[in-house]
Amino acid sequence: MMSLLGAVFVVLFTCLLFILRLYSVVKTGSSCKPGTRRPVTILVVAGSGGHTTEILRLMECLSAAYTPRHYVIADTDRMSEEKICSFETSRQHSDSESQFTICRVPRSREVHQSWSSSVISTLDALRYSLPLVFRLRPDMVLCNGPGTCVPLCVAGLLLGILGMKKVLIVYVESICRVQTLSLTGKILYPISDYFFVQWSSLRDRYPKSIFLGRIV
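Calculation rules
Residues numbered from 1 in each chain as written. Predicted model: local features only at pLDDT ≥ 70, side-chain atom pairs only at ≥ 80, totals over all residues. Heavy atoms only, no water. Helix = DSSP H or I, 4+ residues; strand = E, 2+ residues; numbered from the N terminus. Buried < 20%, exposed > 50% of the residue type's maximum accessible area, 1.4 Å probe, protein only. Polar contact = N/O pair within 3.5 Å; in protein donor to acceptor, adjacent residues only side chain to side chain. Contact = heavy atoms within 4.5 Å.

Caption draft 1: Geometry of the side chain of His-70. Structurally, His-70 is set in strand 2 (residues 69–74). Classification of His-70 as buried rests on a relative accessible area of 9%. Of note is the side chain of His-70, whose polar atom sits 2.6 Å from the side chain of Thr-101. Aside from chain neighbours lying at most four places away, what touches His-70 is Thr-41, Ile-42, Leu-43, Val-44, Thr-101 and Leu-136.

Set out below in structure tokens:
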């Protein structure tokens, strides 16, 4: 019974986000003007283990124009902070003006956590994510799959809906996903501005997605 309720919640939640996203696009449109060059404030969601490794590989490809960089990790993640600091330290050799912060929010869902408790933990994470995103006001949210990114993307979406700022949501599905999207990917697929997959089989199943080959 709990599994059924959890599945219903995910479906309703995804539909709600899709409607909100559609409203946001119609009302605010895109605030990005071709040809403009300015610093891009980026909020980077790092998961634990492989998620952090992949997201840092993506960050290696970004220029110094993406600054300041605000990394968000789960409060139970003990490894990602060290990896991020090491990455930024090595980056400073080529970019003396690099700026970054590391913020923590409650984890939305632990591995093997039940659906019913995931709903509660996700709402708790949203309670912390809203004031964080509203304070940082990033130009872009970059994420690649950890459940922590869902409430952060929702908070970024609300910024646009309220007419405060257009926040681009960029999602990169993990290289491990070949045939189906991750749960996070399925939730964020309708509301992402750019949704990247790394296998052509996923591009064929999800027409909105962008396939550029292996990028991490």
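Caption draft 2: Highlighting unusual backbone geometry. Between Thr-67 and Pro-68 the backbone carries a cis peptide bond, its omega angle lying at 0 degrees. Note on placement: Pro-68 falls in the loop between helix 2 (50–60) and strand 2. A positive phi is found at Arg-137, a non-glycine position, where the angle reads about 45 degrees. Residue Arg-137 is classed as partly exposed on the basis of its relative accessible area, which comes to 37%.

Don't take any of this as a statement about function, it's just geometry.
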